[in-house]
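# Residue-level structural notes
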Amino acid sequence: MVNFLRELAGALRLTRRRTPSAAAFWELDALRGVAIVMMVTYHLLFDLDRLIPFTAAIDHPFLDIYHPFWDLFQKATAYTFVTLAGVSSAVAYHSAAGRTRPPAQRRARQYKRGLIVFCWGMVLTLITWLVFRGGAYIQFGILHMIGLGLIVCAPLLGNRWLVLATGALCGGAGVWLSRQTWDGWLAEFGFWLGFQPTGYAALDYVPFLFYFGLFLLGSFLGILRYQGRTPPPVRSPVAQVAPVRWLQTLGQHSLAVYLIHQPVLLAVLLLLSLAVVLL
């Protein structure tokens, strides 16, 4: 038991050792970096709109967090993160480097990675529950969804058509659930699947069924694109351009950036707020 806890504590690291199966396809890291930039942009606007008092004087419809554009922007960010997580799961399982390991070992690595991400999601649940006194805290957010998705998809990755069919079924079920109103025990115990209670509010809510459909769509596309592939020995000239390299760096550390960006944003904005008041 002690050894298990020690291994789990060691596994809860913010960055992982980069392996050829997951690291050398630069375009995936760059796209994940784009999603990081989108996420930070949205959360900066959220903080300005809802949490930082000195911005109350800024009155412009486009800067309203409830503007339709920002609602679409937030959804596009979540869709991008989840789909890329699915692609990466397929790369780790099906690329040339990944297939050097037996399937059981590939699945075990996926289970471990999923557990790491899900545990970080639970850390955010605890922190937001303490900060917001059990109010609109994160009960099942994007880290919970991706972590559980990595675990559930592992047995499916050996068959791309099973991945596609399961993804279509889950995505369709998720869309149907989102159009219904739920109360009672289904809403109480199944909210994380998509049985969203009436008037439900949370800082981050990513219902599993719909987003798992997106995750598996990414896995299917990843199998089609990267199955048996070896990263090219020479990177594309596009990958050498400075902004693209910066995006790759962000993408390689997406979990760490996700966990620390909000405290950093809030600290900077609060300092600016204090400076405005004092001056």
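Anything mentioned here points back to the structure above.
Now for a look at the structure at hand. For clarity, every value in this text was computed on a predicted model and none was experimentally measured. (Residues numbered from 1 in each chain as written. Predicted model: local features only at pLDDT ≥ 70, side-chain atom pairs only at ≥ 80, totals over all residues. Heavy atoms only, no water.)

## A short note on the overall build of the protein chain
Per the secondary structure count, the protein chain includes 12 helices and zero strands. The linear arrangement of helices and strands in the protein chain, starting from the amino end, is α-α-α-α-α-α-α-α-α-α-α-α. Counting over 279 residues, the protein chain shows a buried share of 42%. A separation threshold of at least 6 residues defines the contact pool for the protein chain, and within that pool the share at least 24 residues apart is 77%. With an accessible surface of roughly 15200 Å², the protein chain has 69% of that area assigned to carbon and sulfur atoms. (Helix = DSSP H or I, 4+ residues; strand = E, 2+ residues; numbered from the N terminus. Buried < 20%, exposed > 50% of the residue type's maximum accessible area, 1.4 Å probe, protein only. Contact = heavy atoms within 4.5 Å. Areas by Shrake-Rupley, 256 points an atom, 1.4 Å probe, with all protein chains shown as cover.)

## A short note on a nonpolar patch on the surface
A contiguous nonpolar patch, built from V123, I127, V131, F132 and L203 and spanning about 400 Å² of accessible area, is present on the exposed surface. With respect to the helices, strands and loops of the structure, V123 is situated in helix α5 (residues 103-131). (Patch = residues over 30% accessible without salt bridge, like charges linked within 9 Å, V, L, I, M, F, W, Y side chains within 5 Å. Salt bridge = Lys/Arg side-chain N within 4 Å of Asp/Glu carboxyl O.)

## A word on the nonpolar core
Residues V82, I142, L143, M145, I146, F212 and F215 are the most contacted members of the largest nonpolar core, which totals 45 residues. Elements represented by at least two residues in this core include exactly α3 (26-50), α4 (68-94), α5, α6 (142-153), α7 (160-178), α9 (208-226) and α12 (254-278). No other element matches the nine residues that α9 contributes to this core. If sequence neighbours within four positions are ignored, F212 has contacts with M145, G149, V152, C153 and C170. If you look at the next biggest cluster of nonpolar residues, it comprises seven residues, including M38, L45, F46 and F73. (Core = buried A, V, L, I, M, F, W, Y, C linked by side-chain atoms within 4.5 Å.)

## Re the packing of aromatic side chains
One pass over the structure, following the stated rule, counts 16 aromatic pairs. Relative to Y200, the ring of F191 has its centre 5.9 Å away and its plane inclined at 35°; by these criteria the two rings are tilted. Summarising the burial analysis for this pair, F191 and Y200 share the class buried. An aromatic cluster is built from F140, W192, F208, F212 and F215, whose rings are joined through pairwise contacts. (Phe/Tyr/Trp six-rings, centres within 6.5 Å; stacked < 30°, edge-to-face > 60°.)

## Focus: the packing of α4 against α5
The angle between the axes and the distance between the axes are what describe a pair of packed helices. Running from N to C, α4 and α5 point in directions that differ by 150°, and their axes come no closer than 10 Å. Here α4 is positioned roughly antiparallel relative to α5, judged by the angle of their axes. In the packing of α4 onto α5, the handedness of the crossing is right-handed. The segment α4 lies against α5, with S89, A92 and Y93 engaging P103, R106, R107 and Q110. Of the residues that constitute the contact of α4 with α5, the class distribution is three nonpolar, two polar and two charged. (Axes fitted to C-alpha atoms, helices over the stretch in contact; angles between N-to-C directions. Parallel < 35°, antiparallel > 145°, perpendicular 65-115°, else oblique. Left-handed = near helix turned anticlockwise from the far one by under 90°. Nonpolar A, V, L, I, M, F, W, Y, C, P; charged D, E, K, R; others polar.)

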